[in-house]
Amino acid sequence: MTDLTREMDALDLPEETRSALREIIASAPRSESDLEVLLKAVERATHEPARAALCWYLGVADLSPAHQDRAKEVLKRVVGSYVRPAPLSAGQIRLRLLVAVWLILVAVAGDEPTPSIIFAALLCAHGAMGIALLIRRWKERRPRPAGERAAIQALRSLHRITGKPPISEAARLAALGQEWLRSEAVAEYESLCTIAAETGRSDPVMAVSIAHMALHPDPSIARSTLRALGGIAPHYAAAAVREIADTALARAGNWSLTERGMLETEAAEAVAKIERRSEARATEMEVPPVAEPSGQDHAETSPSRAYLNHLAWDVRRIRKGRRAVFGLAGVCFAFAALGLPIAIVLPGDKTNFAVACALAIPLGMVFVLVGMLIQPSSRSPIWMAGWRGSRAEIGPLLEATRLLMPNVLHRVAPRLYEGLPELRRTDQELLTPYQRQCLVDALVGEWLINRSRRRSALRRLVDAVAVPLGKLFRIPGALFGSNATYRDDVMRTAILHALMNIGDEADAPAVRLVVQRTHNRRQHPIVHAAAVECLGILDERRRTARGAEQIG
């Protein structure tokens, strides 16, 4: 209690907030209801010092593993609330208003003004939203009162709970944070980068997520990013980090010679650290590792078999229901697409048939809407799924990515970011063939590589309907579709590290395709290096297996 009191006294808080925080520390909420009330208070608090105090308390409180996961989500949402949305530019707003005026003039001069007026109203509403966001950003430039910042305290609490510096969240806050918070966010980002560089713990997923920050126009942010990459980049990324530094120098046309020299020094030190780590790893590879039994985790973090079965059953139930409904929608659309030309081309009175084909289109849209409404229940284990050191959850979570639901993907993707690189060579039987297919589909897109045999025509028709609809409703890129997953560098890196441990000869074509796609290494330097490393491991594993077969 003395340490907490001393640390609380060091915070820049008003006396009222400090007194309320002392009461919370003294009461030490332990029950489920009290902790939920505390977490909701963190999300809903509008007073900046009070919110900062609650974020600080979440980092020092003694929470159970389940509530730690919930606290991490709340803290990440707190940081995200201070990230500015990308508003429309002034030119985009003018263009929308001009098109709206033109549509209104067309509506006045035309015979059917209703459609033009509706589109003009939508454009005007969109432009008004852009103007509101510009005004909001202008207001954010006004100085805020001194005191603790909730976003900064949330980053520090995340560091305490996870044990890893939350560089990804700090990078978003430093690059897109509100104007009044920029200086503190940049300073915190530099501090976390320094901690990550000193720790020296390789984290390829985090390295990919912050690599673009090395190209930031701010020299301090670029230098801090390269410093962090030297500590967390994987052993194979030395050349990739060197290319990132060269690209940053090429874009830094308005930097001074001193700033360019400091960036070159940071890049050289980062590359040297990665090369030393690579040499140390090569030395360790000479000693064979001790193989652990497959699927065994710590007893206190391993989920029950009933929970895993319930999770897998719920995912498959929702997937089958959505596939059936979307299949009916695809049948309706196919009937309309084939029947309308026949009704037009063939002689005779085909009015009733043409009307039936036309009615099939809205019927198919009804089935599509019904399929989109099929969602997991509030008590579904999907919402409780989390990465707590158990590799047995990865298989059902991979199946959950095929549900094509934005809320499910937002929940599942961070778990897979952490869990996939932790897979080991002895975990091959943890994934079923279908789950392995989901893994490869998420890497390169299911239209390009398929481990199984030819898929059914109905399945292809369902995907043809679902993928464009998912893109229309802005389903996030993680684990979705061929083009969207291609752009998700973080997920591809996590999957490549998983295949380094559990991959086989059947995965080599997919990894080779990623190598070909990322040949422009200035856009995907670390992902390209990971794909090349993974392909080398798979080829070596294939040669070893064939050599063993020949000897046997």
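Moving on: the pattern of salt bridges. Pairing between side chains of opposite charge can happen when the charged atoms of each approach one another. This model, assessed by the stated rule, comprises 17 salt bridges. A salt bridge links Glu275 to Arg242, with the nearest nitrogen and oxygen atoms 3.2 Å apart. In this pair, Glu275 sits in helix H14 (residues 257-285) while Arg242 sits in helix H13 (residues 238-251), placing the two residues 33 residues apart along the sequence. For Arg542, the salt bridge identified is with Asp539, shortest N-O distance 4.0 Å. Highlighted residues: Arg542 and Asp539, both in helix H24 (residues 525-551), separated by three residues, approximately one helical turn. Given the relative accessible area of 24%, Arg542 is considered partly exposed. Residues joined by salt bridges that share partners form a network here, namely Arg316, Arg319 and Glu399.

For the rest of this paragraph, the subject is the confidence of the model for the protein chain. Scored by pLDDT, the protein chain has a mean of 76; 73% of the residues are at 70 or more. No element of the protein chain has a lower mean pLDDT than helix H21 (residues 482-487), at 36, and none a higher one than helix H12 (residues 219-232), at 91. Note on residues 469-487: pLDDT is under 50 here. Beyond four places in sequence and across chains, it has 47 contacts.

Among the secondary structure elements, Pro381 is positioned in the loop between helix H16 (351-373) and helix H17 (394-400). Since its relative accessible area comes to 1%, Pro381 is described here as buried. Placed 70 residues apart in sequence, Pro381 and Leu311 show a C-alpha to C-alpha distance of 5.4 Å. Apart from the residues lying within four places of it in its own chain, the contact partners of Pro381 are Tyr307, His310, Leu311 and Asp314.

A few words on the packing of helix H4 (residues 48-60) against helix H5 (residues 65-81). Remark: H4 packs on H5, axes separated minimally by 11 Å, with the N-to-C direction vectors making an angle of 145°. Here H4 runs over H5; the crossing is left-handed. For the pair H4 and H5, the contacting residues are Arg51, Cys55 and Leu58 in the first and Leu75, Val78 and Ser81 in the second. In terms of residue class, the contact of H4 with H5 is made up of four nonpolar, one polar and one charged.

Among the nonpolar cores identified, the biggest contains 125 residues, and Ile167, Leu173, Tyr189, Leu420 and Leu443 are the most heavily contacted of them. With nine residues, the single largest contributor to this core is helix H22 (residues 489-502). Apart from residues no more than four positions distant in its own chain, Ile167 is found in contact with Tyr189, Leu192, Cys193, Ala196, Met206, Ile210, Ala228 and Ile232.

With that settled, the discussion passes to H13. Along its 14 residues, H13 runs 20 Å from first to last C-alpha, staying within 8% of the 20 Å computed at 1.5 Å per residue. Within H13, the full set of buried residues consists of Ala238, Ala240, Val241, Ile244, Ala245, Thr247, Ala248 and Leu249.

Our next topic: the packing of helix H19 (residues 433-444) against H22. Two elements in contact, H19 and H22, have axes whose closest approach is 9 Å; the angle formed by their N-to-C orientations is 135°. What the angle tells us is that H19 and H22 run oblique. Considering how the two elements wind past one another, H19 and H22 form a crossing that is left-handed. Between H19, through Arg436, Leu439, Ala442 and Leu443, and H22, the contact on the second element is made entirely by Arg492, Ile495, Leu496, Leu499 and Ile502. Of the residues that constitute the contact of H19 with H22, the class distribution is seven nonpolar, no polar and two charged.

About the thresholds
- Residues numbered from 1 in each chain as written.
- Predicted model: local features only at pLDDT ≥ 70, side-chain atom pairs only at ≥ 80, totals over all residues.
- Heavy atoms only, no water.
- Salt bridge = Lys/Arg side-chain N within 4 Å of Asp/Glu carboxyl O.
- Helix = DSSP H or I, 4+ residues; strand = E, 2+ residues; numbered from the N terminus.
- Buried < 20%, exposed > 50% of the residue type's maximum accessible area, 1.4 Å probe, protein only.
- pLDDT = per-residue confidence, 0-100.
- Contact = heavy atoms within 4.5 Å.
- Axes fitted to C-alpha atoms, helices over the stretch in contact; angles between N-to-C directions.
- Left-handed = near helix turned anticlockwise from the far one by under 90°.
- Nonpolar A, V, L, I, M, F, W, Y, C, P; charged D, E, K, R; others polar.
- Core = buried A, V, L, I, M, F, W, Y, C linked by side-chain atoms within 4.5 Å.
- Expected span 1.5 Å × (residues − 1).
- Parallel < 35°, antiparallel > 145°, perpendicular 65-115°, else oblique.

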